[in-house]
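Geometric and topological summary
Take a look at the letters that make up each chain.
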Amino acid sequence: MEFDSPTWAWLVFRDGSPDKRYARYGEVERIDGASAAGADEQHFFCAHFGGGECNRWYAWLRFGQYLIEVQVVGRMSPETASETLKAAAASIGEAVQRI
């Protein structure tokens, strides 16, 4: 998502994060994540939709006036899905650094 200024992106980053948007569908918890190079802010989440183990993972990243949400949904082990999310976020950070 692109905003007119980093301030608008900052506000939406706080109020529109996956833990707030998806909480009505199940438990969404914050988890440790990898660093996305150059991100001004970043949070990682795990969602328990339908109970049990995490079954969706989210990275919520802000680069100035841009917000990026990465979502991993699949039939893989929680460890593999979590590592896939972290690798994707790191790759996005590297790509943004090159721009």
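Residues numbered from 1 in each chain as written. Predicted model: local features only at pLDDT ≥ 70, side-chain atom pairs only at ≥ 80, totals over all residues. Heavy atoms only, no water.

**A word on the state of the cysteines**
Which entries qualify depends on this criterion: By convention in this document, the label disulfide applies to cysteine sulfur atom pairs within 2.5 Å. Burial classes follow relative accessibility: with a 1.4 Å probe on protein chains only, a residue under 20% of its type's maximum area counts as buried, one over 50% as exposed, and anything between as partly exposed.
Enumeration over the complete set of coordinates arrives at one disulfide. Between the sulfur of cysteine 46 and that of cysteine 54 lies a disulfide, 1.4 Å long from S to S. Handedness here is read from the sign of the S-S torsion; for cysteine 46 and cysteine 54, about -130°, the answer is left-handed. Under the relative-accessibility criterion, cysteine 54 is labelled buried at 19%.

**Overview of the nonpolar core**
Formally: Note on terminology: a nonpolar core comprises buried Ala, Val, Leu, Ile, Met, Phe, Trp, Tyr and Cys residues joined through side-chain atoms within 4.5 Å. A run of H or I in DSSP counts as a helix once it spans at least four residues, and a run of E counts as a strand once it spans at least two, with each numbered from the N terminus. Between two residues, a contact is recorded if the distance between any of their heavy atoms is within 4.5 Å.
Among the nonpolar cores identified, the biggest contains 14 residues, and Trp57, Ala59, Leu61 and Leu85 are the most heavily contacted of them. Looking at this core, the elements with two or more residues in it are β2 (41-49), β3 (56-63), β4 (66-73) and α3 (78-98). Broken down by element, this core gets its largest block of residues, four residues, from β3. Each residue touching tryptophan 57, except ones within four places of it in the same chain, is listed here: Ile31, Phe45, Cys46, Val70, Gln71, Val72, Pro78, Ala81, Ser82 and Leu85.

**Topic: the sheet that holds β3**
Selection criterion: A pair of strands counts as paired when DSSP detects no fewer than two bridges linking them. Working convention: axes come from line fits to C-alpha atoms, limited for helices to the stretch in contact. Angles between N-to-C directions cover 0 to 180 degrees.
Spatial strand order, β1-β2-β3-β4: four strands in an open sheet with antiparallel pairing. Each edge of the open sheet is held by one strand with a lone partner, namely β1 (26-31) and β4. Across the sheet, the mean angle separating the axes of adjacent strands is 20° when strand polarity is ignored. As judged from the seven bridges shared by β2 and β3, these two strands associate in the antiparallel manner. When the bridges of β3 are listed, phenylalanine 45 appears paired with tyrosine 58. Sitting on the sheet, helix α1 (residues 6-15) touches β2, β3 and β4, and the angle it makes with β3 is about 155°. On the sheet, α3 packs against β1, β2, β3 and β4 and is oriented at approximately 15° with respect to β3.

**Here's the deal with the packing of aromatic side chains**
Note the threshold: Two aromatic rings, drawn from Phe, Tyr or Trp (for Trp, its six-membered ring), form a pair once their centres lie within 6.5 Å of each other, and the interplanar angle then sorts them: stacked below 30 degrees, edge-to-face above 60, tilted otherwise.
With the rule as written, the count across this model stands at three aromatic pairs. Centre to centre, the rings of phenylalanine 13 and tryptophan 60 are 5.7 Å apart; their planes meet at 10°, and the pair counts as stacked. Remark: tryptophan 60 occurs in strand β3 and phenylalanine 13 occurs in helix α1; sequence separation between them is 47 residues. Exposure class is identical for phenylalanine 13 and tryptophan 60. Each is buried.

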